[in-house]
Amino acid sequence: MLIIPAVDIRDGKVVRLYKGDFNRQSTYSQDPLSAALQWQELGAQLIHVVDLDGALAGKPKNKDIIIKIIKGLKAGVQVGGGLRDKDSVLEFLEAGAARVVLGSKALSDYSFLDNFKTLIGKRISVSIDAKFMQIRYAKAKAVDIIMNVGDSGWLKSKSMSLTKLLEQFYKRGIRFVNFTNINRDGTLEGADVESIKSVCDFTGRFPDLQLIASGGVASLSDIEKLKNTECLYGVIIGKALYEGKIDFKQALKIIAN
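In short, a report on the structure.

1. So, helix α7 (residues 162-171)
Most of α7 sits inside the fold, with 7 of its 10 residues counted as buried. Of all the positions in α7, only L162, T163, L165, L166, Q168, F169 and Y170 are classed as buried. Note on α7: the residue one or two positions beyond its end, G173, has a positive phi of about 105°.

Given below as structure tokens:
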């Protein structure tokens, strides 16, 4: 399992939002590249970079900064936020991004993924960001999870079936899924371990499909609870790292053991 630091960018600065609320923002750095380099120097193999302005606008707004990060790091860079057209996706991939994360566009138009057939296995992932989850059972067996999924920079939401989403993504070649619990994101309330493990259970029903989880991770205890979760490829951590609630090197030691 990877520990993946988050570098969320708004107005050229590194920020964190509380539950995705653009009116509740904490600013941590004026220089996103320096922040990303800091995590790389501490041992990060992958950095999660999000263009928050892009998520609102529906197209990249901090492109130059993000490309500077991609080219300035040896660690892999995973990019998301406002990637809703083919050219924007390809521009980041051609710049050297390890992976791009598709959200709103992939959720509303599954066929959009067909534009990237030769890249989709390792370099394209999708993001499922949930505000509410309800597990459906049949004969005492969990058969689906219904989610209220955030859309358009989390300003909108719609009810969706996790099983249907995974089926559509998987058959188009997706092998990485980002899952965020919006109600925990940026709160330092602790990871919703039960929800993550439930989503991971459904993800694990598709061979080679791996989950990257985020939202609320606040302590080394959260990492201990998640580290052996089957199919969990990595955990994205933001606020807890910037506020010193989690020591990055200690987190790496936990997963190494």
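2. Remarks on the nonpolar core
With 75 residues, the main nonpolar core has I124 and F169 as its most contacted residues. When residues no more than four places from it in sequence are discounted, the contact partners of F169 are A106, L107, Y110, L113, V126, I128 and I174.

3. A closer look at the packing of α7 against helix α8 (residues 193-203)
Viewed as axis vectors pointing N to C, α7 and α8 meet at an angle of 45°, and their least axial separation amounts to 10 Å. In terms of orientation, α7 lies oblique with respect to α8. The way α7 lies across α8 gives a crossing that is right-handed. Contacts from L162, T163 and L166 in α7 reach V199, F202 and T203 in α8. Of the residues contributing to the contact of α7 with α8, the split by class is 4 nonpolar, 2 polar and no charged.

4. Structural notes on empty space enclosed by the protein
Applying the stated criterion across every chain yields a total of 2 cavities of 30 Å³ or more. Taken as a whole, the second largest cavity holds about 80 Å³ of empty space. For the lining of the second largest cavity, the secondary structure elements donating two or more residues are β12 (232-237) and α10 (239-242).

Conventions used here
Residues numbered from 1 in each chain as written. Predicted model: local features only at pLDDT ≥ 70, side-chain atom pairs only at ≥ 80, totals over all residues. Heavy atoms only, no water. Buried < 20%, exposed > 50% of the residue type's maximum accessible area, 1.4 Å probe, protein only. Helix = DSSP H or I, 4+ residues; strand = E, 2+ residues; numbered from the N terminus. Core = buried A, V, L, I, M, F, W, Y, C linked by side-chain atoms within 4.5 Å. Contact = heavy atoms within 4.5 Å. Axes fitted to C-alpha atoms, helices over the stretch in contact; angles between N-to-C directions. Parallel < 35°, antiparallel > 145°, perpendicular 65-115°, else oblique. Left-handed = near helix turned anticlockwise from the far one by under 90°. Nonpolar A, V, L, I, M, F, W, Y, C, P; charged D, E, K, R; others polar. 1 Å grid on protein atoms, 1.4 Å probe; cavity = no way out; pocket = protein on both sides within 12 Å on 5 of 7 lines; lining within 4 Å. Points joined across faces, edges and corners; volume = space filled by probe spheres on them.

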